[in-house]
Amino acid sequence: CCGPALAGGLQDQAEQFFRSGHTNNWAVLVCTSRFWFNYRHVANTLSVYRSVKRLGIPDSHIVLMLADDMACNPRNPKPATVFSHKNMELNVYGDDVEVDYRSYEVTVENFLRVLTGRIPPSTPRSKRLLSDDRSNILIYMTGHGGNGFLKFQDSEEITNVELADAFEQMWQKRRYNELLFIIDTCQGASMYERFYSPNIMALASSQVGEDSLSHQPDLAIGVHLMDRYTFYVLEFLEEIHPASQTNMNDLFQVCPKSLCVSTPGHRTDLFQRDPQNVLITDFFGSVRKVEITTETVSLDRDVAGFESKFPEEELATEPLKYAEQLPVAQIIHQKPKQKDWHPPGGFILGLWALIIMVFFKTYGIKHMKHVF
Amino acid sequence: QVQLVVPMAVVFGPGSVPGDLPRPLPFRDVQEMEISVNLRTSVTSRYEMLHRSTTGQEEAALAAATAREADAALHPLQDATLGSLTMYVVPETSSLLPQGINVYVGKHRSALVRAGGSLAALQARLREVAQVMSFTASSIAAALSDRVPDGQLSPDARRYLKSSLGYEITFSLLNPDPKSHTVDWDIEGAVNRYVKPVLDKLSLVANFSVDSQILYYAVLGVTPRYDKESSSFLLSAHSLPHVINPVEARLGSSAASLYPVLNFLLYVPERSHSPLYIQDKDGAPVSTNAFHSPRWGGIMVYNVEAPASPQASLPLHVDVDMARVMEVFLAQLRLLFGLSREEVPAEFLLESPGNEGLADWELDHLLWAHTVENIATVSTTLTSLAQLLDKIGNIVIKDDVASEVYRAVASVQSAVTELSLGHLHAAFQASKEAVTSSERAFFDPSLLHLLYFPDDQKFAIYIPLFLPMAVPILLSLAKIVRETRQPKKEPTKMD
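Residues numbered from 1 in each chain as written. Chains lettered and ligands numbered in written order. Predicted model: local features only at pLDDT ≥ 70, side-chain atom pairs only at ≥ 80, totals over all residues. Heavy atoms only, no water.

### Looking at the overall build of chain B
Regarding its fold elements, chain B presents 11 helices and 17 strands. A compact globule built from 495 residues would reach a C-alpha radius of gyration of about 23 Å, whereas chain B, at 33 Å, exceeds it by more than 25%. In terms of principal-axis extent, the alpha carbons of chain B reach across some 135 × 80 × 35 Å. Evaluated residue by residue, chain B yields a buried proportion of 52% over its 495 residues. At a minimum sequence separation of 6, the contacts of chain B that also span at least 24 residues come to 75%. Surface accessibility of chain B: about 23,000 Å² in total, with carbon and sulfur atoms responsible for 56%. Separation of charge centres in chain B, based on 40 positive and 54 negative side chains, amounts to 9 Å. (Helix = DSSP H or I, 4+ residues; strand = E, 2+ residues; numbered from the N terminus. Rg over C-alpha atoms; globule rule 2.2 N^0.38 Å. Buried < 20%, exposed > 50% of the residue type's maximum accessible area, 1.4 Å probe, protein only. Contact = heavy atoms within 4.5 Å. Areas by Shrake-Rupley, 256 points an atom, 1.4 Å probe, with all protein chains shown as cover. Lys, Arg positive; Asp, Glu negative; His and termini not counted. Charge placed at Lys NZ, Arg CZ, Asp CG, Glu CD.)

### Quick notes on the UniProt feature "active site" (unreviewed entry) in chain A
All names here are of chain A. Following the UniProt record, one finds the feature "active site" (unreviewed entry) at His144 and Cys186. Separation in sequence by 43 residues is not matched in space for these annotated residues, since their most distant C-alpha atoms are only 6.4 Å apart. Only 2.8 Å separates the side chain of His144 from the side chain of Asn38, close enough to count as a polar contact. For Cys186, the location among the structural elements is in the loop between strand S8 (178–184) and strand S9 (200–204). (UniProt positions renumbered as here; feature names shortened; annotations may be inferred. Polar contact = N/O pair within 3.5 Å; in protein donor to acceptor, adjacent residues only side chain to side chain.)

### Side note on the packing of helix H4 (residues 160–172) of chain A against helix H8 (residues 360–391) of chain B
H8 of chain B packs onto H4 of chain A with a crossing angle of 160° between their chain directions and a minimal axis gap of 10 Å. When the interaxial angle is binned, H4 of chain A and H8 of chain B end up roughly antiparallel. In this structure, H4 of chain A contributes Asp165, Gln169 and Gln172 of chain A to the contact, and H8 of chain B contributes Thr380, Ser384, Gln387, Leu388 and Lys391 of chain B. (Axes fitted to C-alpha atoms, helices over the stretch in contact; angles between N-to-C directions. Parallel < 35°, antiparallel > 145°, perpendicular 65-115°, else oblique.)

### Describing the side chain of Ser110 of chain B
Residues and elements named next belong to chain B. Looking at the element boundaries, Ser110 is found in strand S6 (residues 110–114). Within polar-contact distance, the side chain of Ser110 engages the side chain of Asp71 at 2.8 Å. With residues near it in sequence (within four places) discarded, Ser110 still touches Asp71, Gln78, Thr86, Tyr88, Tyr104, Val105 and Met133.

Laid out in C-alpha cells, this is it:
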C-alpha cells in the first residue's frame, strides 16, 4: 500500500531538490555599440530577444537596451529591418520589438541603475528591473570589449569591477535568485573574472587575449550580420521549446573552437546547483510553477452592499494643471547666472608656485624686470 | 535579538480544572521557545499566559448548545487586541465540541480546547493551538527565508507574496470565442459584495487597489486533449505551466503601479473546446477547475452549459455566477498570501470566516510573519548600505538620505520594542515605516557608486597629463637641491 506512494514521494523530493526555486524570469539584454558597422551587435541582441520571447518571457519582464540606429539608418538598404541570417532569411526587428532604453539612453550609468534599482522615481515601469528574491535573471551583453572592460557607445566603458560590485549590490538586496551572465565581446572572459556574489553563472565567447569573430557578411547589406558565438547559441536555442529538458552542460558545448575560432569560456564556481540540473528554460524561458487550487471559501450569497469599516476620505485635490514643461518666458528673459568665483584650489596654486620657483631659481631673479 | 510576545489568556471553564495545577488560579506563566534560523539569527517566542477561571458571563456563554454559538457569545467578552489569544478550556466530557474534535478555533481570536486529563497534556494541546493561531517555527523561517542556510529550506518554501506596502489586484475575463458566447459578468457588484469585505480586513496589512478588464480572442497557449470517456476536454497538470505566458503579454500588468500585481483570470472556453476540465497529477478532474501560480495569481475555467437544442442561436448569452467564481478567487488570494488550512491536525475544527474571507487569527498570522520579515529586511538593507558606504569612502550622503536612515533605525527599534511588549499592531506599523524609510534610503538615485571616482581612475586620468610636464620640473628641482647642498664655492677672485 505505501510502497509506490513512498517511492513517488521520495522521487518528488529528489526532483524538488534539483529544481530551481524561482517563480519568475527576467532578461536584461544590452547592446553596447552604435553606428552602422556594428550592425552585428544589434542583430545579436535582437536575436536573443526573439528567442527569449518565444520561450515565454513577456515584454514586461525584458529590459532591452539598444542604440536602435540600424533599422532606420540611411545606410540600410532594407529599411525597418535587421537581419540575422545572410540572404535575409530572418528579420529579427519585426513588428513588436519593445526597446526600453534606446540611443543615447544606453549608458553605463543607466545600465547600473537598472541593475541596482537606484532609479529616479519618475522612471516608467517598463524601464525598471522589478525582480525579487525569486527571480532568475538572464543578462546578455554584446559589443566591443577588452581585458577587463566593455565599451559603451564609443564614449565610456564599464569595468569588470563595477559590474561585479553591481551584482553584489543586487545580491545584498536579494534582487535575484539566480543569474546567468552571457557576454559576446572580445576577451569576454575577463568580464566575469571578478564576480564574487553567489548564484551567478557566466558564459563568455572568448578568453582573455582572444578576439571574438563575426560570422558572415551579407553582400547586399554590406556588413557582418552576426557574431559567431551568438549565432551558434541561437542555432542551439532554436531547438529548445518551453517544455524541453536540455540542461546547461549542452550550452557550454556550443561553439567549439573549430566553429568559433575563439575559445568560449564559462564560470560555474559561484553557482550552487550542478549545471547538469539547470534547465535552459530556467533562464531563457518562463516556466511558471503552478499549484492546483483545492480549497474554496464559502461565501454567503445573500449579502447586501458592503459598508467599509474605513470609509475612504475624499482628499481635497487641486484641479490638475498641465505642468509647465519649458518655462519659455523665464528662459528668454533670464540674465546669465552669476557664477560664484572660487579662488584657485590648492593643487593648482601649488603647481604654479612650483613652476615659478623653478623658473626663477634656474634663470635668476634678475629676469623679473624683463617680465614687468 | 527579536522577541515575539503573545499575550494569552487560558480560561478554565467549570469542571475543567486539572488536578495538578502548580498554583491556585489565577496565576501567570511564561513559556519561551527559541526559534533558531541560522547561527546568528534567532527569534524567541514568548507566550505570556494568564490562567484564570471563568467569570459568570463566560460560564453562561459556554453553556450554549454549539461551539459556534459559544464562540459568538464569548466574543464581546474577550480582549480583542491584535496578537492576543484567548483559550477556553472545557471539560473532557463536554458536548460543546463534537466527537473526536479536541479543539475548536473560532473566527476571532479565541479557541475552545478540551481538557486532556493532566496539566501536561493540556499544556501540550494549548501550545499547539497557540502556534497554529499565531506563528510556527516554519512560518518564521519562511519569513526569514533569505537567512536560512541553503539546503535547509526546500525551494518550494516561501513562495508566498513578500511583504509589500500595497498590492494591485486585477480581475480579467478571457473570452476567446465572442462569436459563440456573449459573457456578462457583474464584476463591480461582485467586488463590492464579496471582495471588498476581505480587502477591508486585509487593509491593515497593505493598501489594495482593484481593477478589472475583459479580453477578447485571448487563447490559452495549450491545446486541450479530448477525452472520449467523459466527452470533455482535459488540460493535464503538466501543461498548466505553459498556459500563463501567452496570456500574460496581453494582460497589461506592466502599466499598473509599482506594487506587485495579482492577476485573477476567468477563462470561458470556446464552443469547440467545451466543456474543459483541469486534471491534477493523478488524472482526476479538479473540483474547483482552477489553478494558481505563486506570486502571480490564479486562473479559473468557467464552463458554459451546452444549449438545450443544437439549433440555439449563437452567440449564447452567459451570465457568470459571480459568487461561485469569487469563492475560488478568494481562496486563491488566501493561498497566495500563505493562509492555508490544510496543515492543521485532524482533531482541530476551524470555523469558517464567512464573507470576511479570513479569521482574525489568520490576520494575526500574516501580521506576525510580515513584521518579522520587515524587521529582517530593514536590518539587511541598512547593513548593506553601511558596507557600501565603507567601501566607497568619498560618497556623498545627502541630508534626506541621512534622515531616512535615522528614521529607519528609530522605527525598527520601536518595532522590536513593541514586539517585546506584545503590541502587534504598533509593531507592524513601525516595521512598515522602517521598511519604507530604509528602501528610500537604499534606493536613492544619488548613491550610484559609479558617480564617485575610484582611485585607480584618478591615477589613470591625471598621470598621462602631468607626468610629461613634471619631468623637467623635477629634474630642475633635483639640480637646485644638488647646488644648494654643495659647499659654497670660494668666491672667484674679482680683480
